[in-house]
Amino acid sequence: KTQQASSNVYVGIHHRLDAPTSGCILFTLDEKMNPFVAELFRESLIQKEYLAACKVINPPPAQQWEIKNQLERAEKKRNIYRSTKGEGDFAYSRFELLKTKGDVALIKAMPITGRTHQLRVHLSEQGLPILGDKAYGGAGAGTSTLATRLLLHAHKLSFRLPDGRDIVVEVPIPDEFKRLFDM
């Protein structure tokens with residue numbers, strides 16, 4: 001939450017992204033909307049769609065699949081996470097294979113929960129690390145020439161306002177994805 005005293009402009013931040021991720025973020029300009037938007041996220045009523053360009057180490061298990069597990073911090077000094085069978089925060093993601101080109105796949109990722117690095121961990125542990133993701137294995141095996149940054153993009157957010165109107169926020173697909181997949 002940010003307040004600028006000189007102009008009295010209010011900006012509430014609700015949908016954050018990892019620093020190297022591009023795409024949609026959600027702000028409120030009316031502080032009275034904060035509880036409503038927070039509840040949408042808490043109840044998984046905001047649909048989030050990401051695009052991820054992934055190195056195919058293991059083929060996707062199906063055209064569409066989901067992962068439900070627990071995530072925990074793996075390294076205290078670095079912001080690195082992993083799946084765990086013990087304690088941890090519940091994480092749920094759905095995935096869809098959209099396109100392949102050689103040993104690279106374009107995947108639509110839909111996080112149902114919103115855990116730190118959730119999509120990055122889920123895809124990496126599936127054998128599909130995101131290109132440019134040095135923390136989770138996406139920078140090795142020849143991928144460095146394909147990506148100069150993390151190729152994870154928050155493409156679309158959709159939700160319903162209290163008055164019943166449906167809101168869809170969609171941002172353009174970055175050039176790196178278009179070049180890589182001939183889009």
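Let us look at the structure shown here.

**Description of the pairing of strand β11 (residues 166-170)**
The side chains of a regular strand alternate between the sheet's two faces. As defined by bridge partners, strand β10 (residues 152-160) adjoins β11 across five bridges and the pair is classed as antiparallel. Paired with Leu 157 across the strands is Val 169, a residue of β11. Counting the residues that bridge the hairpin from β10 to β11 gives five residues, and of these Gly 164 lies at a positive phi of roughly 95°.

**A short note on helix α2 (residues 118-125)**
Taking burial as the measure, the eight residues of α2 include six buried ones, the bulk of the element. Among all positions in α2, only Gln 118, Leu 119, Arg 120, Val 121, His 122 and Leu 123 are buried. Along its buried surface, α2 packs onto β5 (47-55), β6 (64-75), β7 (80-84), β8 (89-101), β9 (104-111) and β10. Gly 127 sits one or two residues past α2 and shows a positive phi near 90°.

**Some thoughts on the nonpolar core**
In this structure, Trp 65, Phe 95, Ile 107, Leu 123, Ile 130 and Leu 151 are the most contacted members of the largest nonpolar core, which totals 35 residues. Mapped by element, the contributors of at least two residues to this core are α1 (34-42), β5, β6, β8, β9, α2, β10 and α3 (175-181). Beyond its immediate chain neighbours, meaning those up to four positions away, Leu 123 contacts Ala 52, Cys 54, Trp 65, Phe 95, Ile 107, Leu 128, Pro 129 and Ile 130. Judged by nonpolar contacts, the second largest core, of six residues, contains Leu 71, Ile 80, Val 121 and Tyr 136.

**Remarks on α1**
Considered for burial, the residues of α1 that qualify are Asn 34, Val 37 and Leu 40. Within α1, the buried residues cover an arc of 125° as seen down the axis, which keeps them to one side. Residues of α1 that are exposed and point over 90 degrees away from its buried face: Pro 35 and Arg 42. At the C-terminal side of α1, Ser 44 shows a positive phi close to 55°.

**A look at a nonpolar patch on the surface**
Nonpolar side chains collect at one region of the surface, where Ile 13, Ile 25 and Phe 27 lie side by side and expose about 250 Å² of accessible area between them. You can see Phe 27 is positioned in strand β4 (residues 26-28).

**Brief notes about the environment of Ile 57**
Within the fold, Ile 57 resides in the loop between β5 and β6. Its relative accessible area of 54% is what places Ile 57 among the exposed residues. In this structure the C-alpha to C-alpha distance between Ile 57 and Val 104, which are 47 residues apart in sequence, comes to 9.0 Å. Filtering out sequence-adjacent residues up to four positions away, Ile 57 remains in contact with Gly 127 and Pro 129.

**Notes on the pattern of salt bridges**
This structure, assessed with the given rule, holds 12 salt bridges. Among the charged side chains, a salt-bridge network with shared partners connects Glu 66, Lys 68 and Arg 94.

**So, the side chain of His 117**
Its place among the elements puts His 117 in the loop between β9 and α2. Not counting residues up to four positions away in its chain, the partners in contact with His 117 are Asp 18, Asn 79, Tyr 81 and Tyr 136.

**Side note on the environment of Leu 150**
With respect to the helices and strands, Leu 150 occurs in the loop between α2 and β10. The sequence separation of Leu 150 and Arg 94 amounts to 56 residues, and the corresponding C-alpha distance is 20 Å. Not counting residues within four places of it along the chain, the set of residues in contact with Leu 150 comprises Pro 20, Thr 21, Arg 120, Ile 130, Leu 131, Gly 132 and Asp 133.

Rules used in this analysis
- Residues numbered from 1 in each chain as written.
- Predicted model: local features only at pLDDT ≥ 70, side-chain atom pairs only at ≥ 80, totals over all residues.
- Heavy atoms only, no water.
- Pairing = 2+ DSSP bridges.
- Helix = DSSP H or I, 4+ residues; strand = E, 2+ residues; numbered from the N terminus.
- Buried < 20%, exposed > 50% of the residue type's maximum accessible area, 1.4 Å probe, protein only.
- Contact = heavy atoms within 4.5 Å.
- Core = buried A, V, L, I, M, F, W, Y, C linked by side-chain atoms within 4.5 Å.
- Arc of directions from axis to C-beta.
- Patch = residues over 30% accessible without salt bridge, like charges linked within 9 Å, V, L, I, M, F, W, Y side chains within 5 Å.
- Areas by Shrake-Rupley, 256 points an atom, 1.4 Å probe, with all protein chains shown as cover.
- Salt bridge = Lys/Arg side-chain N within 4 Å of Asp/Glu carboxyl O.

It is worth stressing that arrangement in space is one thing and function is another; only the former is reported here.
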